[in-house]
Amino acid sequence: MGVDKHDRAAHFPKIEAKYGQPMKHWFDLMKEIVDRKYPEQIAYLKEEHGFSQVHANALVMYCRGSKSSKRFEDLAGYLKNQDAVKSKTIRKIFRVIQKKYPKLKLVIAWNQPMLKFGSEYLFGASILKNHILLAPFNSKVLSMMKQDLAGYKVNKKTVQVPVDWKVDEKLLLKMIKLNLQFLKK
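This write-up is about the structure you can find in this document.

So, how was this worked out
Residues numbered from 1 in each chain as written. Predicted model: local features only at pLDDT ≥ 70, side-chain atom pairs only at ≥ 80, totals over all residues. Heavy atoms only, no water. Pairing = 2+ DSSP bridges. Helix = DSSP H or I, 4+ residues; strand = E, 2+ residues; numbered from the N terminus. Core = buried A, V, L, I, M, F, W, Y, C linked by side-chain atoms within 4.5 Å. Buried < 20%, exposed > 50% of the residue type's maximum accessible area, 1.4 Å probe, protein only. Axes fitted to C-alpha atoms, helices over the stretch in contact; angles between N-to-C directions. Parallel < 35°, antiparallel > 145°, perpendicular 65-115°, else oblique. Left-handed = near helix turned anticlockwise from the far one by under 90°. Contact = heavy atoms within 4.5 Å. Arc of directions from axis to C-beta.

Turning our eyes to something else, we now look at the pairing of strand β1 (residues 105-109). The sheet contact formed by β1 and strand β2 (residues 112-117) spans 5 bridges and is antiparallel. Bridging from a neighbouring strand, Leu 106 pairs with Leu 115 of β2. From the end of β1 to the start of β2, which pair antiparallel, there are 2 residues, and Trp 110 there has a positive phi angle of about 55 degrees.

With 33 residues, the main nonpolar core has Ile 90, Ile 93, Ile 97, Phe 123, Leu 134 and Leu 172 as its most contacted residues. Elements represented by at least two residues in this core include exactly α5 (75-79), α6 (84-100), β3 (120-127), β4 (131-135), α7 (139-144), β6 (159-162) and α8 (169-184). In terms of residues, this core owes the most to one element, α8, which gives 6 residues. One finds Met 23, Tyr 44, Leu 45 and Ala 56 within the second-largest nonpolar core, a separate group that totals 15 residues.

Between two packed helices, the angle of one axis relative to the other and the distance separating the axes together describe the packing. Look at helix α2 (residues 23-32) against helix α3 (residues 38-49): their axes get within 11 Å of each other, and the N-to-C directions meet at 125 degrees. In terms of axis orientation, α2 runs oblique to α3. Here the hand of the crossing between α2 and α3 comes out right-handed. Here Trp 26, Leu 29 and Met 30 of α2 lie close against α3, whose contacting residues are Gln 41, Tyr 44, Leu 45 and His 49.

Right, let's talk about α2 for a bit. Among all positions of α2, only Met 23, Trp 26, Leu 29 and Met 30 are buried. For α2, the angular spread of buried residues about the axis comes to 120 degrees, placing them on one side. Across from the buried face of α2, at angles greater than 90 degrees, the exposed residues are Lys 24, Lys 31 and Glu 32. Against α1 (12-19), α3 and α4 (53-63) lie the buried residues of α2.

Printed below as a string of structure tokens:
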């Protein structure tokens, strides 16, 4: 059985090899700085011991009791602690896309719901406090849809929609269609 890629302890052999000390040393060090805030702990490991962001995060979060970076198994788990309005909007977004493109696989990646086409990420959505971000995973899609997205806040790689968005099916399906075209090139 392979190592769970979400298990923070999976980083420990590389931490030991790269930074030259057994994990006991690093756990003892973390006990010394246990009262510091997360950013201070990360900065300490990076500045004083040359840790990469990934290794520092794995050690800090593990010592804070988070043994895995994976928080959700599926869309239901992702939506479990969201309010009804946000949940309804997200469900409709994914339902619209999957109805037209049933071969797209709904997965949880980076603790967000995503759609994959084969091994490629095609679309994702994130719930924030005051809005939902839509991510087509290809910034060319956003530039090609500039007119369609007039009236929305468009960031470098995402589009911001209200939490109670009246899901624009044509907009979503065009986004997916364009993204699929780019993948097939």
